[in-house]
Amino acid sequence: MPLDTTTRILAPFLDRLTVEELDAIPYGIIQLDPTGAVLSYNRTEREQAGSIPRPLGQDFFQDVCPGARIPAFFDRFQDGVRDEKLDETFSFTFTCAPSPRRVLVRMYYSVRSKSVWVFVAKPDGSPLTAPAVAA
């Protein structure tokens, strides 16, 4: 299922998903508070970013991925927080992993939790990993 469809299905439920449920999603998922502190960071994104420890509470734009503190990413984030409205998809190159990786990013502002969800997919919108299979 492509990124756009996946995020539209998940958006109403994002704030209610457990860590285990977020970890089962084959897209990178990061939840940021209005200041940029990491609230959630799923297993798929950790593995794609070089198996870093879950950076909960850290400033995403300073400590986790300073390369995202550029207008193409950071300004969208700030505008979405200010306007309490954000639903954008764009191509981006993360330079915070061991090697740069070109991805498709979907940023979504949750009015319910007053946070920004960041979905990360392959450049064509497909999952970063194979979907988890239910036992």
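Because the structure is a prediction, the values reported are computed rather than measured.

Draft legend 1. Molecular detail of the confidence of the model for the protein chain. Across the protein chain, the average pLDDT comes to 89, with 90% of residues at 70 or higher. Mean pLDDT values for the elements of the protein chain range from 64 in helix 1 (residues 3-10) up to 97 in helix 5 (residues 71-83).

Draft legend 2. Region of interest: the sheet that holds strand 3 (residues 87-94). An order of 2-1-5-4-3 is seen for the five strands of this open sheet, with the pairing classed as antiparallel. Of all the strands in the sheet, just strand 2 (38-41) and strand 3 have a single pairing partner and so form its edges. Ignoring which end each strand starts from, the neighbouring axes of this sheet average 25° apart. Relative to strand 2, strand 1 (residues 28-32) is paired through three bridges, and the arrangement is antiparallel. Within strand 2, the position partnered with Ile-30 by the bridge is Tyr-41.

Draft legend 3. Quick peek at the nonpolar core. Of all hydrophobic cores here, the largest spans 26 residues; its most connected members are Phe-60, Phe-73, Phe-94, Val-105, Met-107 and Val-118. When residues of this core are traced back to their parent elements, those giving at least two are strand 1, strand 2, helix 4 (60-64), helix 5, strand 3, strand 4 (101-110) and strand 5 (115-121). The contact partners of Val-118, leaving out residues within four places of it in the chain, are Gly-28, Ile-29, Ile-30, Leu-32, Phe-73, Val-105, Arg-106 and Met-107. Counting residues in each nonpolar core, the second largest holds ten residues, with Leu-22, Ile-29, Trp-117 and Phe-119 among its members.

Draft legend 4. Looking closely at the packing of aromatic side chains. Counted by the stated rule, this structure contains eleven aromatic pairs. Measuring from ring centre to ring centre gives 5.9 Å for Phe-73 and Phe-90, while their planes differ by 80°; the resulting arrangement is edge-to-face. Of the two residues, Phe-73 is situated in helix 5 and Phe-90 in strand 3; the sequence distance between them amounts to 17 residues. The buried category is assigned to Phe-73, whose relative accessible area is 0%. On the basis of an interplanar angle of 20° and a centroid distance of 6.4 Å, the ring pair of Phe-74 and Phe-77 is categorised as stacked. Pair noted here: Phe-74 and Phe-77 are both in helix 5, with a separation of three residues, about one helical turn. With respect to burial, Phe-74 and Phe-77 carry one shared label: buried. One aromatic cluster is present, built from ring pairs that chain together Phe-60, Phe-61, Phe-73, Phe-74, Phe-77, Phe-90, Phe-92 and Phe-94. When the ring centre of Phe-74 is taken as reference, the NZ or CZ atom of Arg-69 above it lies at 4.3 Å.

Draft legend 5. Highlighting the pattern of salt bridges. Overall, the coordinates contain nine salt bridges when judged by the stated rule. In this structure, Glu-45 engages Arg-101 in a salt bridge whose closest nitrogen and oxygen atoms are separated by 2.2 Å. Placement of Glu-45 in helix 3 (residues 43-48) and of Arg-101 in strand 4 is noted, with a sequence separation of 56 residues between them. Overall, the relative accessible area of 2% leaves Glu-45 in the buried class. The partner of Lys-114 in a salt bridge is Glu-84, with the nearest N and O atoms 3.7 Å apart. One end of the pair, Lys-114, is in the loop between strand 4 and strand 5; the other, Glu-84, is in the loop between helix 5 and strand 3, and 30 residues separate them in sequence. For Glu-84, a relative accessible area of 38% corresponds to the partly exposed category. Overlapping salt bridges, with partners in common, bring together Asp-23, Arg-43 and Arg-54 in one network.

So, how was this worked out
- Residues numbered from 1 in each chain as written.
- Predicted model: local features only at pLDDT ≥ 70, side-chain atom pairs only at ≥ 80, totals over all residues.
- Heavy atoms only, no water.
- pLDDT = per-residue confidence, 0-100.
- Helix = DSSP H or I, 4+ residues; strand = E, 2+ residues; numbered from the N terminus.
- Pairing = 2+ DSSP bridges.
- Axes fitted to C-alpha atoms, helices over the stretch in contact; angles between N-to-C directions.
- Core = buried A, V, L, I, M, F, W, Y, C linked by side-chain atoms within 4.5 Å.
- Buried < 20%, exposed > 50% of the residue type's maximum accessible area, 1.4 Å probe, protein only.
- Contact = heavy atoms within 4.5 Å.
- Phe/Tyr/Trp six-rings, centres within 6.5 Å; stacked < 30°, edge-to-face > 60°.
- Lys NZ or Arg CZ within 6 Å of the ring centre and 35° of its normal.
- Salt bridge = Lys/Arg side-chain N within 4 Å of Asp/Glu carboxyl O.

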